[in-house]
Amino acid sequence: MLERKEKKMSIGNQNEVTVKITCSKEELEENLKKQGFEKLHVYNSTDIFLIPKEIDIYKEKTRDILSKAILLRKSEGINVKKHRERITFKSKDINDDGKILSQYSVNCDVDNIKDAKEIFEHIGYKELMKIDEEHISYIKDNLKIVIKARKDIILIEIETNEVYKDVESLEKAINELDIPFDHSNYYVKKAEEELEKIKKNR
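The structure reproduced in this document is the subject of the present report. (Residues numbered from 1 in each chain as written. Predicted model: local features only at pLDDT ≥ 70, side-chain atom pairs only at ≥ 80, totals over all residues. Heavy atoms only, no water.)

### Points about the pairing of strand β7 (residues 100-109)
Here 4 bridges tie strand β2 (residues 9-12) to β7, and the two strands are oriented antiparallel to one another. Its bridge partner lying in β7, Ile11 is registered against Val106. Taken together, the 9 bridges between strand β6 (residues 82-94) and β7 define a ladder with antiparallel strand orientation. If you follow Lys90 over to β7, its bridge partner there is Ser105. Here β6 hands over to β7 after 5 residues, with Gly98 in that stretch at a positive phi of 90 degrees. (Pairing = 2+ DSSP bridges. Helix = DSSP H or I, 4+ residues; strand = E, 2+ residues; numbered from the N terminus.)

Spelled out as C-alpha cells, the structure:
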C-alpha cells in the first residue's frame, strides 16, 4: 500500500530558477552523476489548472489568467512509496523582463484531486489545461535540482534555501554546472508556454 503523508496546510515562499535543457534526459542525468549529484526521488506528476468559468482565455492576457488559477497536483512515487495530492494557489511578482522577483504558494493536502476538481466545478471553475511530467530530483551538498521531463521539453528547477537565498545565487550555481541549457531565460514559465500553445491552436 502507498504511504500517505498526514494531510496539512502549508505556505511556501521559496523563489526559483527554471531553465530549458538542450540535451536528452539520459545525458543530463549522466552529467549530474559525474559531477557528484545523488539521485533522490522519481515521481510522476499531474498538474490540473482550474480558472473561473467566466474567463475567456482568448480575450485576457496569459499571465493575468494564470494569476487567477487554482492548481490541483497529484504526485505518485516511482522509486519511493509516496503519494501526495494537493490544492495549490500561487502568486508571483514578475517584472517586465520576466524575472520572478518573489512568489508564495498556499497548499492544502487532499485525499484525491478528482473530488477536489468536482467541488471547484460546482462553485464556478473550469479546467484550463493538464500537464503531465516525470520529476527526478538530484542533490549535492545544499543544491537540489529537480528535472521536469515531458516528451517535448526538459526543464530543471532549483529553489532558494538557507544557503542559496536569492535567485542570483541560483543563477550563479547553475552556470557553474557542466550541463547544456538555454542561457537566454532563467525563468521559464511552463504554464504560460502551455497556455500560449492552446491559444495558438485555437
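### As for the pattern of salt bridges
A side chain of one charge can pair with a side chain of the opposite charge if their charged atoms are brought near each other. Per the stated rule, a full pass over the model turns up 19 salt bridges. Of the charged contacts, one joins Glu133 and Arg150 as a salt bridge, the two residues approaching to 3.4 Å between their closest N and O atoms. Note that Glu133 is positioned in strand β8 (residues 125-140) and Arg150 in the loop between β9 (143-149) and β10 (154-159), a separation of 17 residues in sequence. Shared partners join several salt bridges into a network, and the residues in it are Asp47, Arg73, Glu133, Arg150, Asp152, Lys190, Glu194 and Lys197. (Salt bridge = Lys/Arg side-chain N within 4 Å of Asp/Glu carboxyl O.)

### Some remarks on the side chain of Glu157
You can see Glu157 is positioned in strand β10. Glu157 gets classed as buried once you look at its relative accessible area, which sits at 13%. Only 3.0 Å separates the side chain of Glu157 from the side chain of Lys148, close enough to count as a polar contact. Beyond its immediate stretch of four places on either side in the chain, Glu157 contacts Glu16, Val17, Thr18, Lys144, Ile145, Val146 and Lys148. (Buried < 20%, exposed > 50% of the residue type's maximum accessible area, 1.4 Å probe, protein only. Polar contact = N/O pair within 3.5 Å; in protein donor to acceptor, adjacent residues only side chain to side chain. Contact = heavy atoms within 4.5 Å.)

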